[in-house]
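Topology and contacts: notes
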Amino acid sequence: MTKTHFRVVLIIGVLFLTINTFGAEPDSLKTRRNYRSYSLIIQDSPVGLTTMHQSNENYLSVYRLLSNELYKNVKPKTGLLIQTISELFLYPLTHEEGHRSILTSLGIGSISQPLYNLQGIAYVNGVRDAELQNLRDNDLPDYVRLHTAGIESDYMLGNKAEEDIVFKFDSKRNLFVEVYFRKLLTMAYYTASLIPSLSPNLKENSNELLNDIVGHDVYGAIKNLHRPNIPFYRYTDYKDMTSEERKFVERVGYRAILNIASPVFFKPLNIIKTEKLKLSVSTGYTMCPFGDFIDENFLIQYHQKYNIHAYLRQFENRNTWFMGGGISLIDYQITPKFNTTLAGHLWSQPKNLDFNTTESQFGGSGDLLFKYIILENQSHNSMSIDLGLNYKTVGFLPEEVIMKEHVGVRIGFTVNLIQK
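Heads up: these notes are all about the structure in this document. The model shown is predicted, which means the values in this text are computed figures rather than measured ones. (Residues numbered from 1 in each chain as written. Predicted model: local features only at pLDDT ≥ 70, side-chain atom pairs only at ≥ 80, totals over all residues. Heavy atoms only, no water.)

Side note on the packing of aromatic side chains
Applied cut-off: Aromatic pairs are defined between Phe, Tyr and Trp rings, using the six-membered ring for Trp, whenever the two ring centres lie within 6.5 Å; interplanar angles under 30 degrees are classed as stacked, those over 60 as edge-to-face, and all others as tilted. Helix and strand definitions here come from DSSP, where helices need a minimum of 4 consecutive H or I residues and strands a minimum of 2 consecutive E residues; each element is numbered from the N-terminal end. Each residue is placed in one exposure class: buried if its accessible area under a 1.4 Å probe, protein chains only, is under 20% of its type's maximum, exposed if it is over 50%, and partly exposed if it falls in between. Here, a charge over a ring means that NZ of Lys or CZ of Arg falls within 6 Å of the ring centre while also lying within 35 degrees of the ring normal.
Scanning the model with the defined rule gives 17 aromatic pairs in all. Taking the centre distance of 5.6 Å and the plane angle of 55 degrees together, the rings of Phe290 and Phe315 count as tilted. In this pair, Phe290 sits in the loop between strand 5 (277-288) and strand 6 (291-302) while Phe315 sits in strand 7 (residues 306-316), placing the two residues 25 residues apart along the sequence. We classify Phe290 as buried; its relative accessible area is 0%. Look at Tyr306 and Tyr332: their rings are 5.4 Å apart centre to centre, the planes differ by 20 degrees, and that puts the pair in the stacked class. Separated by 26 residues along the polypeptide, Tyr306 in strand 7 and Tyr332 in strand 8 (residues 321-335) bring together distant segments of the chain. Residue Tyr332 is classed as buried on the basis of its relative accessible area of 19%. Each residue in the set Tyr155, Phe290, Phe293, Phe315 and Phe396 is aromatic and connected to the rest through ring pairs, giving one cluster. Positioned over the ring face of Tyr233 is Lys223, at 3.7 Å from the centre of the ring.

Okay, here's the thing in structure tokens:
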């Protein structure tokens with residue numbers, strides 16, 4: 001649920017306008033190639049309504065396409081203003097889909113309400129208390145993730161947009177607003193939780209189907225990690241939390257500041273920038289089903305052909321650290337008609353995704369994406385058919401909604417448009 005008050009989001013939007021108007025360099029980027037690719041996933045796994053990965057991928061492609069068309073038709077400052085205002089209303093679409101996608105993957109029906117109500121709140125509802133309590137009592141990791149999935153979706157969207165800028169798949173002008181909002185609001189969800197007065201005063205409706213599924217995302221997740229066996233209720237306020245839980249609020253609030261360390265915001269984080277080699281670094285943070293994690297990202301481009309995203313990841317449950325990492329080769333052209341993206345992830349996570357244990361279990365995931373061009377016109381605009389294959393062991397991987405062992409298939413297409 002989008003718990004940030006509308007006025008807080010508006011303040012962030014005004015802050016963005018101030019910073020970008022007076023502090024950001026003009027966008028003189030050109031992409032590394034003379035076309036831009038817009039991919040859409042038609043069917044993902046598990047089959048049903050859109051998954052988190054699917055809704056994020058499709059949203060970002062449409063956003064990039066519309067942003068590019070916007071700046072072809074208006075002046076840069078006008079485009080910036082339109083993007084900022086639009087982002088205030090577009091932001092909840094994928095955030096709420098993140099929450100909804102977890103319920104759908106578990107076979108629980110729900111209704112996404114991504115438009116702000118009179119309180120400036122967007123949410124997911126349509127779920128009975130008994131269904132939520134049953135999920136908490138029998139599958140705590142998924143129940144905790146139900147709280148944090150919206151922020152997880154924002155986090156991954158910010159990373160994807162950052163990749164597109166650094167690898168020059170799209171321009172900084174088109175994507176800066178998206179990166180800014182996703183990264184700053186990921187931070188704001190956690191850091192603003194340190195100030196209880198910024199949280200909305202929510203009251204549970206007597207009609208349980210009208211209530212938001214979880215209430216305050218951050219407070220609810222932390223309460224249920226620490227006290228999963230207390231009598232069930234949805235909406236958690238700061239005053240309801242124990243001293244230990246409030247310390248955990250401080251932990252997530254301060255760690256979330258890591259999200260602003262992006263090469264899109266700070267030029268010194270573009271460590272190497274030569275004709276042959278580019279290296280940029282960033283950091284990130286968000287919560288997960290058994291606690292939280294910190295990322296260090298390394299974005300490497302070699303000879304404008306090899307686009308590599310490597311990362312190190314440190315998970316923590318209550319008191320124990322667990323290590324992980326991964327590497328992706330993105331959009332590698334094998335032949336003029338055949339592209340691929342390869343990704344591998346390895347991790348050590350708490351056994352049974354438990355918040356309290358010191359025992360670990362190892363896991364991993366592998367992804368293959370193949371794109372083959374089947375249509376091309378005289379202007380060299382083209383379309384590819386895309387097939388993705390994924391295998392993961394038991395464990396948590398951001399944006400993958402299934403935490404059990406899983407084999408998945410993705411089918412979609414990509415439109416490649418020549419830039420004139």
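A short note on the pattern of salt bridges
Stated formally: Counted as salt bridges are all cases of a side-chain nitrogen of Lys or Arg within 4 Å of a carboxyl oxygen of Asp or Glu.
Within the structure shown, the criterion is met by 27 salt bridges. For Asp170, the salt bridge goes to Arg64, with nearest N and O atoms at 2.7 Å. Of this pair, Asp170 sits in the loop between helix 5 (140-166) and helix 6 (172-191) while Arg64 sits in helix 2 (residues 52-73), and the two are 106 residues apart along the sequence. Accessibility expressed as a relative area gives 6% for Arg64, which makes it buried. Put simply, Glu208 and Arg128 hold a salt bridge, and the shortest N to O gap is 3.4 Å.

Side note on a nonpolar patch on the surface
For clarity, the threshold we go by: The patches described consist of residues with a relative accessible area above 30% and no salt bridge, like charges being joined within 9 Å and nonpolar side chains (Val, Leu, Ile, Met, Phe, Trp, Tyr) within 5 Å. Methods summary: accessible areas were calculated by the Shrake-Rupley approach with a probe of 1.4 Å, and residue burial reflects only the protein chains presented.
Together, Leu342, Leu368, Leu387, Leu389, Val409 and Ile411 make up a nonpolar patch on the protein surface, roughly 440 Å² of accessible area in all. Taken together, the elements giving at least two residues each to the nonpolar patch come down to strand 11 (382-392) and strand 12 (406-418). Note that Leu368 resides in strand 10 (residues 360-376). On the basis of relative accessible area, Leu368 is assigned to the partly exposed category, the value being 36%.

Brief notes about the packing of helix 5 against helix 6
Put simply, the rule reads: Angles shown run from 0 to 180 degrees and are taken between the N-to-C directions of axes, each axis being a line fitted to C-alpha atoms and, for helices, limited to the stretch in contact. Put simply, angles under 35 degrees are roughly parallel, angles over 145 are roughly antiparallel, angles from 65 to 115 are roughly perpendicular, and the rest are oblique. Crossing chirality is assigned from the near helix's rotation relative to the far helix, an anticlockwise turn below a right angle marking it left-handed and a clockwise turn marking it right-handed. Note on contacts: a residue pair qualifies if any of its non-hydrogen atoms lie within 4.5 Å across the two residues. All amino acids are sorted into three groups, where Ala, Val, Leu, Ile, Met, Phe, Trp, Tyr, Cys and Pro are nonpolar, Asp, Glu, Lys and Arg are charged, and the leftover types, Gly among them, are polar.
Closest axis-to-axis distance for the helix 5/helix 6 pair is 8 Å, and the angle between their directions is 150 degrees. Taken together, the axes of helix 5 and helix 6 are roughly antiparallel relative to one another. Of the two elements, helix 5 crosses helix 6, and the hand of that crossing is left-handed. Between helix 5 and helix 6, the contacting residues are Ile151, Asp154, Tyr155, Leu157, Gly158, Asn159, Ala161, Glu162, Asp164 and Ile165 on the first element and Lys172, Leu175, Phe176, Glu178, Val179, Arg182, Lys183, Thr186, Tyr189 and Tyr190 on the second. Looking at the contact of helix 5 with helix 6 residue by residue, the class counts come to ten nonpolar, three polar and seven charged.

A word on the nonpolar core
Selection criterion: Buried Ala, Val, Leu, Ile, Met, Phe, Trp, Tyr and Cys residues that are joined via side-chain atoms within 4.5 Å together make up what is termed a nonpolar core.
Within the largest apolar cluster, 40 residues are counted, with the highest numbers of intra-cluster contacts made by Tyr190, Ile222, Val252, Tyr285 and Met287. If you list the elements that add at least two residues to this core, you get helix 2, helix 3 (76-105), helix 5, helix 6, helix 7 (217-226), helix 8 (243-255) and strand 5. The biggest single contributor to this core is helix 6, with twelve residues. Once residues within four sequence positions are removed from consideration, Val252 is found in contact with Tyr190, Val218, Ile222, Tyr285, Met287 and Asp292. Counting residues in hydrophobic clusters, the runner-up holds 16 residues, among them Ile108, Val127, Leu132 and Phe232.

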